[in-house]
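# A look at the structure
So you can see what is in the structure, the chains are spelled out below.
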Amino acid sequence: MKILHTSDIHFGISLKEHPLIAEQKQVSEQILKAVKEQNADAIIIAGDVFDRAVTNARALSLYNDFITALHTAKIPVFIIAGNHDAPERLALLDKLLCKSDIYISGKLTAQIEPIELGNCHIYLIPYFNLDTAKSLYPDEVFASYQQAFSHVTKNIFKDLDKSKFNIAVSHCYAQGGQLSDSDRAAKLGQASIVSADVFKGFNYTALGHLHAPHFINDKKNIRYSGTPYPYSFGEKGGAKTLTLIDTENGKISEIPLKYTRNLRTIEGTYLEVLEKTRNDKNKDDYVRINIIDRYPEASLYETFKKEYEYLLSFDGMQLKDPTTVATLTAESIAKMEPKELLESFYNGREEQLGEFELEWFQKAIDTVMEGDDKQ
Ligand SMILES: [Mn+2]
């Protein structure tokens, strides 16, 4: 069997409040293309299918089209809920869908039965927290999430058929995992770290939750596939890939994903960034600019906004503490009151914003406003 592993698609996610619908449509297309090119027999989505528990209509239709296309291509799909998903919503109609080889596990169950696929047994372990485990196993005393998690897998190992290629699908923060910029919840969820040992008995463990593609154990059979698209400018781990598992020989490989619009950070002194901008061939990318020797003034932002339609983050230096970076985004500017804008302009300048300037400024604003009212 050839099985593709991905996770953390986060349908409906925005980047700096910029919806990534077009990119997520491309994600679906890229995965479908990989399924066909690799002659995959199935696909695993290890949680965080949606970015929010209650998601928007566009995200729902993207998901709908994606799963339907996989079904049309006769590709069995294995899905678990992640910490971003609403378990009940994701698992809606699961008893019906599994008849069409669409296997969804939303909430943890006391007994996890294997799903048979060729020479594989696939165990779906959806995201759960300690309270859920405690209520599922009232006779057990769990002093930690680690204890609860190992109870869940020990329960599976009791009846494990070792003649099969046993795969676990899980959404958790496993020890040895690398945090990346967009791992918002994981950064907070230190308490719910589990050691990789809990997955020791499986031939392969398909993980979701951390967004960079990487193995977490030396034996290289416990792996985060990572997100199929970069969801933050600081995301580590380089190129985005799908993980391909060959269950005949246990070989694991990466399938690269390509996108028309990528995420890039352009950093340097004002002159360096100007130079880079002048020679830039991909001005259509999502861009973060960081000018290390200037303050992120609105006028400077406007200069680069003319070059980059998708300038989503504009950083600069802040005088008060030159080491800190002040960030101005299109959105933050749009939300600022005229007076705030003036203050940010004066911020860090020699000359102080005095009562006199403020008074005149207010008068000017009032005049403009009145002009607007008259129109
Ligand atoms: Mn995630």
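The model shown is predicted, which means the values in this text are computed figures rather than measured ones.

Reading the values: the criteria
Residues numbered from 1 in each chain as written. Predicted model: local features only at pLDDT ≥ 70, side-chain atom pairs only at ≥ 80, totals over all residues. Heavy atoms only, no water. Helix = DSSP H or I, 4+ residues; strand = E, 2+ residues; numbered from the N terminus. Buried < 20%, exposed > 50% of the residue type's maximum accessible area, 1.4 Å probe, protein only. Areas by Shrake-Rupley, 256 points an atom, 1.4 Å probe, with all protein chains shown as cover. Core = buried A, V, L, I, M, F, W, Y, C linked by side-chain atoms within 4.5 Å. Domains from an automatic or database assignment. pLDDT = per-residue confidence, 0-100. Contact = heavy atoms within 4.5 Å. Patch = residues over 30% accessible without salt bridge, like charges linked within 9 Å, V, L, I, M, F, W, Y side chains within 5 Å. Salt bridge = Lys/Arg side-chain N within 4 Å of Asp/Glu carboxyl O. Pairing = 2+ DSSP bridges. Axes fitted to C-alpha atoms, helices over the stretch in contact; angles between N-to-C directions. Donors = N, O, S within 2.8 Å, 3.2 Å for Na, K, Ca; no water. Phe/Tyr/Trp six-rings, centres within 6.5 Å; stacked < 30°, edge-to-face > 60°. Lys NZ or Arg CZ within 6 Å of the ring centre and 35° of its normal. Polar contact = N/O pair within 3.5 Å; in protein donor to acceptor, adjacent residues only side chain to side chain. Parallel < 35°, antiparallel > 145°, perpendicular 65-115°, else oblique. Nonpolar A, V, L, I, M, F, W, Y, C, P; charged D, E, K, R; others polar.

## Describing the overall build of the chain
Helix and strand content of the chain: 12 helices and 20 strands. For the chain, the proportion of its 375 residues judged to be buried stands at 48%. A total accessible area of about 18,600 Å² is found for the chain, and carbon and sulfur atoms account for 54% of it.

## A closer look at the nonpolar core
In this structure, Leu4, Phe11, Tyr63, Ile67, Leu70, Ile79 and Tyr286 are the most contacted members of the largest nonpolar core, which totals 43 residues. Breaking this core down by element, the ones donating at least two residues are helix H1 (21–37), strand E4 (42–46), helix H2 (57–72), strand E5 (77–80), strand E6 (102–105) and strand E15 (241–246). A domain split of this core shows at least three residues from each of domain 1 (2–256) and domain 2 (264–374). Within the second largest apolar cluster, 28 residues are counted, among which are Phe142, Phe202, Leu207 and Ile216.

## Let's talk about the confidence of the model for the chain
Per-residue confidence for the chain averages 89 on the pLDDT scale, and 87% of its residues sit at or above 70. Contacts of residues 322–326 to residues separated by more than four positions or lying in other chains number 12 contacts, the stretch itself having pLDDT below 50.

## What to know about unusual backbone geometry
Although it is not a glycine, Glu17 sits at a positive phi angle of roughly 65 degrees. Judged by relative accessible area, Glu17 falls into the exposed class, the value being 54%. The backbone of Asp101 sits at a positive phi, close to 60 degrees, despite the residue not being glycine. Within the fold, Asp101 resides in the loop between helix H4 (94–97) and E6.

## Some remarks on a nonpolar patch on the surface
Taken together, the side chains of Leu92, Leu93 and Leu96 present a nonpolar region at the surface, about 320 Å² in accessible area. Looking at where Leu96 falls in the secondary structure, it is placed in helix H4.

## Topic: the sheet that holds E6
Taken in spatial order, the 6 strands make up an open sheet running E6-E5-E4-E1-E15-E16, and their pairing is mixed. Here the strands that pair on one side only, and so sit at the sheet edges, are E6 and strand E16 (251–256). For this sheet the average axis-to-axis angle between neighbouring strands, irrespective of direction, equals 20 degrees. Pairing between E15 and E16: 6 bridges, direction antiparallel.

## What to know about the coordination of the manganese ion
Binding of the manganese ion to the protein goes through Asp8 (OD), His10 (NE2), Asp48 (OD) and His211 (NE2), at separations of 2.1 to 2.5 Å. In primary sequence terms, the donor set of the manganese ion follows D-x1-H-x37-D-x162-H. Here Asp48, found in the loop between E4 and H2, pairs with His211, found in the loop between strand E12 (204–208) and strand E13 (214–215); they are 163 residues apart in sequence, far enough to count as distant. Of the residues examined, Asp48 reaches a relative accessible area of 1% and is grouped as buried.

## Looking at the sheet that holds strand E14 (residues 222–224)
Strand order in the open sheet made by the 6 strands is E7-E8-E9-E12-E14-E13, with mixed pairing throughout. One side of each edge strand has no neighbouring strand; the edge strands of this open sheet are strand E7 (115–117) and E13. Direction of pairing for E12 relative to E14: parallel, over a ladder of 3 bridges. Across the sheet, Ala206 pairs through a bridge with Arg223, a residue of E14. Each of strand E8 (120–125) and strand E9 (165–171) is contacted by helix H6 (residues 145–158), which is oriented at about 155 degrees to E8, the strand it contacts most.

## Topic: the pattern of salt bridges
Evaluation of the coordinates by the stated rule reveals 13 salt bridges. For Glu37, the salt bridge goes to Lys33, with nearest N and O atoms at 3.6 Å. Of this pair, Glu37 and Lys33 both sit in helix H1, 4 residues apart, roughly one helical turn. Ionic pairing is found between Lys95 and Asp94, a salt bridge with its closest N-O pair at 3.5 Å.

## So, the packing of aromatic side chains
Evaluated as defined, the whole model comprises 18 aromatic pairs. A centroid spacing of 6.1 Å and a plane angle of 85 degrees characterise the contact between Tyr137 and Phe142, whose relative ring orientation is edge-to-face. When its relative accessible area of 8% is taken as the criterion, Tyr137 is described as buried. Aromatic pair Tyr286 and Tyr310: ring centres 5.4 Å apart, planes at 80 degrees, arrangement edge-to-face. With a gap of 24 residues between them, Tyr286 in strand E18 (residues 286–291) and Tyr310 in the loop between helix H9 (298–305) and strand E19 (311–317) connect regions that are remote in the sequence. The exposure class assigned to Tyr286 is buried, which follows from its relative accessible area of 1%. Within the aromatic cluster, the residues linked to one another by ring pairs are Phe11, Phe50, Tyr63 and Phe66. Note that Arg223 overlies the ring of Phe215, its terminal NZ or CZ placed 4.6 Å from the centroid.

## Overview of the side chain of Ser313
The topology assignment puts Ser313 in strand E19. Residue classification places Ser313 among the buried positions, given a relative accessible area of 2%. Within polar-contact distance, the side chain of Ser313 engages the side chain of Asp315 at 3.4 Å.

## Concerning the packing of H1 against H2
With their axes 10 Å apart at the nearest point, H1 and H2 run at an angle of 10 degrees to one another. By the criterion of interaxial angle, the relationship of H1 to H2 is roughly parallel. In this structure, H1 contributes Ile21, Gln24, Lys25, Ser28, Ile31, Leu32 and Val35 to the contact, and H2 contributes Arg58, Ala59, Leu62, Phe66, Ala69 and Leu70. Its residues placed into classes, the contact of H1 with H2 shows 9 nonpolar, 2 polar and 2 charged.

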